[in-house]
Amino acid sequence: MTTRTRTVALALAALALTATACGTGGPAPDAERASAAPREAAAGEPAPRRPATLPLTRDGRAPVFAHGRRAPRDKTVALTFDADMTADQGPRAAAGEPFDNPELVGLLRAERVPATFFVTGMWARTYPEQTAALGRDPLFEVANHSYSHYAFTRPCHGLPALEPGRALAEVRQGFAALRAAGVPDPVPYFRFPGGCYTDATLRAIAPAGVTVVQWDVAGGDPFTEDADAVVRQVLSGVRPGSVVVLHCTRSAAPATAEAVRRVVPELRERGYRFTRVSELVADSAR
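Fair warning: this is a prediction, and the values are worked out from it, not measured in the lab.

Q: Is there a simple way to think about the confidence of the model for the protein in this case?
A: Low pLDDT means the predicted coordinates in that region are not meant to be read closely. Looking at the protein as a whole, its pLDDT mean stands at 87, while 83% of the residues score no less than 70. Contacts for the low-pLDDT stretch residues 24–47, under 50 throughout, to residues beyond four places or in other chains number 38 contacts.

Q: Please explain the layout of surface pockets as it appears in this structure.
A: Empty space among the atoms becomes apparent when a probe as large as a water molecule is rolled across them. By volume, the second largest pocket amounts to about 610 Å³. Across the lining of the second largest pocket, the residue classes tally to 11 nonpolar, 12 polar and five charged.

Q: Looking at this structure, how should I read helix H11 (residues 277–285)?
A: Side chains three or four residues apart in an α-helix point the same way, a direct result of the helix having 3.6 residues per turn. Among the residues making up H11, those that are buried are Val-277, Ser-278, Leu-280 and Val-281. Considered in projection along H11, the buried side chains sweep an arc of 160° and stay on one side of the axis.

Q: Would you mind showing me how to read the side chain of Asn-144 here?
A: Among the structural elements, Asn-144 can be located in strand E4 (residues 140–144). Here Ser-146 takes part through its backbone nitrogen, which lies 2.7 Å from a polar atom of the side chain of Asn-144. In this view, Asn-144 contacts Phe-118, Val-119, Val-171, Gly-174, Phe-175, Leu-178, Tyr-189, Phe-190 and Arg-191; residues no more than four positions away in its chain are not counted.

Q: Explanation requested: the packing of aromatic side chains in the structure shown.
A: Within the structure shown, the criterion is met by seven aromatic pairs. Between Trp-123 and Tyr-127 the ring centres are 4.8 Å apart and the planes differ by 45°, which places this aromatic pair in the tilted class. Since its relative accessible area comes to 10%, Tyr-127 is described here as buried. Its guanidinium or amino end placed over the ring of Tyr-272, Lys-75 lies 4.7 Å from that ring's centre, counting from NZ or CZ. Between Arg-191 and the ring centre of Phe-118, over which it is positioned, the NZ or CZ distance is 4.1 Å.

The rules behind these values
- Residues numbered from 1 in each chain as written.
- Predicted model: local features only at pLDDT ≥ 70, side-chain atom pairs only at ≥ 80, totals over all residues.
- Heavy atoms only, no water.
- pLDDT = per-residue confidence, 0-100.
- Contact = heavy atoms within 4.5 Å.
- 1 Å grid on protein atoms, 1.4 Å probe; cavity = no way out; pocket = protein on both sides within 12 Å on 5 of 7 lines; lining within 4 Å.
- Points joined across faces, edges and corners; volume = space filled by probe spheres on them.
- Nonpolar A, V, L, I, M, F, W, Y, C, P; charged D, E, K, R; others polar.
- Buried < 20%, exposed > 50% of the residue type's maximum accessible area, 1.4 Å probe, protein only.
- Helix = DSSP H or I, 4+ residues; strand = E, 2+ residues; numbered from the N terminus.
- Arc of directions from axis to C-beta.
- Polar contact = N/O pair within 3.5 Å; in protein donor to acceptor, adjacent residues only side chain to side chain.
- Phe/Tyr/Trp six-rings, centres within 6.5 Å; stacked < 30°, edge-to-face > 60°.
- Lys NZ or Arg CZ within 6 Å of the ring centre and 35° of its normal.

What follows is the structure, encoded as C-alpha cells:
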C-alpha cells in the first residue's frame, strides 16, 4: 500500500469517529478541506515550505502581525482560538472542569472553516490527543500561546506574571510541549497571553524566530454566556484581512460555539472567505 493510499484510508476511517474534545477526529475528505491542505509531495519533490514569517525589526524586535491586507476584492478573515490554561487550572481540569470545546471544533469541521489555534503548553499536556488531532487536521494549524499562560509583562488582565528573564524559555517550552503532544511542526507564530507585551519582551523572544500574532477584532467571549453580544462584536469589527480572537475553553468562554455558529454563515453571506493566519501572513509578506 502506498503512502498516499494509506493516507486516504486513514481519512475515510476517521469519518466514523465523533469529535470528543477540542480537536479529536480526522479531516473530512471534502473539496474545501482538500484545498486547505498542503499538497502531498511526490517522490523527488522538495518538502512543503515552512509557513511564512515576518522579518525582525531593524532594532531586533520580533515582528507583530495584527491583520492582513485590506483587499475588498479578496475578503478574507482568519478565525483564531486561544486554548488557555494556567498551572493552577490543571487540577481543575483533572477534576472535570472543561477547558476544551468539542462542540466548537466539530462545528468548524462541519462548516469547513479553516482556523488557527493558539495552544498553551499546559493545555497541550492536559489534552494531548486533542492537540495532536488539531495538528493532524489540514483544516487547522496549531501555534504557540506560551507554556504557562503567565503574563510577559504586568499588569495584564490579572494574569500572574513570569519571573524576570523567563520570556524566551517560556516560548521555547511552549513549542516543546506542542511537539511532545503530537504536533511535530507547529506553525512559527506566537501569541502573548492576554495580548500583553512591550518592546523589551519583543526583543527577548526574537531568537525564537516567531512572528507575534495579535488581532484587530476581539470577540469578547471570555466569561460571558451572551452569544448575541459576541456575534455583534465580531460582525461589527470584521474587515477584509481581519484576525478575530476567540477562545476554545468552555469553562471560560461558554458562548463561543453558539456565536461561531451564527457568525460563519453571516460572514459568508457578506462575501468573506475564511482562511488561516499563515495565508494572511504569506500574502502580506509578498
